[in-house]
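Single-letter residue listing:
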Amino acid sequence: MAAQGARDLTPIGHIEIPISFPLATDQIRLPQVPEEDDSFDYSERTQWIRAAVLGANDGLVSVASLMMGVGAVKQDVKAMLLAGFAGLVAGACSMAIGEFVSVFTQYDIEISQMKREMMKGNGGNENAEEAKKKKLPNPAQAAIASAIAFSIGAVVPLLGAAFIGEHKVRMLVVALLASIALVVFGGIGARLGRTPMIKSCVRVLIGGWMAMAITFGLTKLIGSAGLQM
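Owing to the predicted nature of the structure, the values given are computational and were not obtained by experimental measurement.

Looking at the overall build of the protein chain
Check the secondary structure of the protein chain and you find seven helices and zero strands. For the protein chain, the α and β elements follow one another from N to C terminus as α-α-α-α-α-α-α. For the protein chain, the proportion of contacts with a sequence separation of at least 24, taken over those separated by at least 6, is 77%.

Here we look at the packing of helix α5 (residues 139-162) against helix α6 (residues 167-193)
Running from N to C, α5 and α6 point in directions that differ by 150°, and their axes come no closer than 8 Å. The angle between α5 and α6 falls in the class roughly antiparallel. For α5 against α6, the interelement crossing comes out right-handed. Note on element contacts: α6 touches α5 through R170, V173, V174, L177, A181 and F185, opposite G153, V156, P157, G160 and A161.

Examining the nonpolar core
One finds L60, M67, V174 and L182 to be the most contacted residues of the largest nonpolar core, which totals 31 residues. Among the secondary structure elements, those contributing two or more residues to this core are α2 (46-73), α3 (77-120), α5, α6 and α7 (197-224). With eight residues, the top contributor of residues to this core is α2. Here L182 is in contact with N57, L60, V61, V204, L205 and G208, once residues within four sequence places are set aside.

Some details on the side chain of S200
For S200, the position within the fold is in helix α7. The class of S200 is buried, set by a relative accessible area of 8%. If near-sequence neighbours (up to four positions away) are discounted, S200 is found in contact with G186 and A190.

A few points about α6
Taking 1.5 Å of rise per residue, the 27 residues of α6 would be expected to cover 39 Å, and the 39 Å separating its terminal C-alpha atoms lies within 8% of that figure. Count one or two residues on from α6 and you reach R194, which has phi positive near 55°.

Considering the confidence of the model for the protein chain
In low-pLDDT segments, the atomic positions of the prediction should not be examined closely. Looking at the protein chain as a whole, the pLDDT averages 78, with 71% of positions reaching at least 70. The secondary-structure element of the protein chain with the lowest mean pLDDT is helix α1 (residues 2-9), recorded at 49, while α7 shows the highest, at 90. Taken as a whole, residues 33-42 scores under 50 in pLDDT and shows five contacts with residues more than four places along the chain or in a different chain.

Focus on the packing of aromatic side chains
This model, assessed by the stated rule, comprises two aromatic pairs. Between F100 and F104, the aromatic rings sit 5.4 Å apart at their centres with planes inclined by 50°, giving tilted as the arrangement. Of this pair, F100 and F104 both sit in helix α3, four residues apart, which is roughly one turn of the helix. Of the residues examined, F100 reaches a relative accessible area of 34% and is grouped as partly exposed. Residue classification places F104 among the partly exposed residues on the basis of a relative accessible area of 34%. Between F104 and Y107 the ring centres are 5.9 Å apart and the planes differ by 65°, which places this aromatic pair in the edge-to-face class. With F104 and Y107 both in helix α3 and three residues apart, this pair spans about one turn of that helix. By way of ring pairs, the aromatic residues F100, F104 and Y107 are connected into one cluster.

Digging into the environment of L136
One can find L136 in the loop between α4 (126-134) and α5. A relative accessible area of 11% means that L136 is categorised as buried. Sequence separation between L136 and I111 is 25 residues; the distance between their C-alpha atoms is 8.5 Å. Excluding its chain neighbours within four sequence positions, the residues that come into contact with L136 are Y107, E110, I111 and M114.

What counts, and at which threshold
- Residues numbered from 1 in each chain as written.
- Predicted model: local features only at pLDDT ≥ 70, side-chain atom pairs only at ≥ 80, totals over all residues.
- Heavy atoms only, no water.
- Helix = DSSP H or I, 4+ residues; strand = E, 2+ residues; numbered from the N terminus.
- Contact = heavy atoms within 4.5 Å.
- Axes fitted to C-alpha atoms, helices over the stretch in contact; angles between N-to-C directions.
- Parallel < 35°, antiparallel > 145°, perpendicular 65-115°, else oblique.
- Left-handed = near helix turned anticlockwise from the far one by under 90°.
- Core = buried A, V, L, I, M, F, W, Y, C linked by side-chain atoms within 4.5 Å.
- Buried < 20%, exposed > 50% of the residue type's maximum accessible area, 1.4 Å probe, protein only.
- Expected span 1.5 Å × (residues − 1).
- pLDDT = per-residue confidence, 0-100.
- Phe/Tyr/Trp six-rings, centres within 6.5 Å; stacked < 30°, edge-to-face > 60°.

As structure tokens, this is what we get:
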């Protein structure tokens, strides 16, 4: 009777929902966070990083130093801009030709080495040889990249001097913009190559300051010695 009464006390429409808890032996799958691939060989980037950073840094330092040297003896903004533009064109052509010759020489050396290896191996694996040829440096791409990088660096001091009429302010702005760009280029090179950022930026900045200071000082010395311009 008691059991019958207990069943009668159960409310109508009552639904029992079974609840199960995971046991310690159950495996709980969590979303996997993709890990950074540390297997990438950053030395493969060395060639084009070197060409790009060297070109931009060379263009910036060369043109900024040239403009600082001209500004040491002449206050005319037109003379500074003409000297800077001439340095941009001459430097970009020089970088492109030099990089093309250098990379083409490397290309010829690697092709000759591959031919010697094929002769020793009696032909070898054609697929492996084709893969090696695809990894060979491209002289034209290296030349174009160097010229573009040089021009990008050289434009910075030109833009800084183009819109300033006061001579001392113009010189200060050129030096300031060149310093900021040197830090940026050093940081980009360090980031792409996964090298110490601060050390790279300081090294590039000090080198640029030395080039501008030496050019300014020597040109000022020659100009004060009686050279008429």
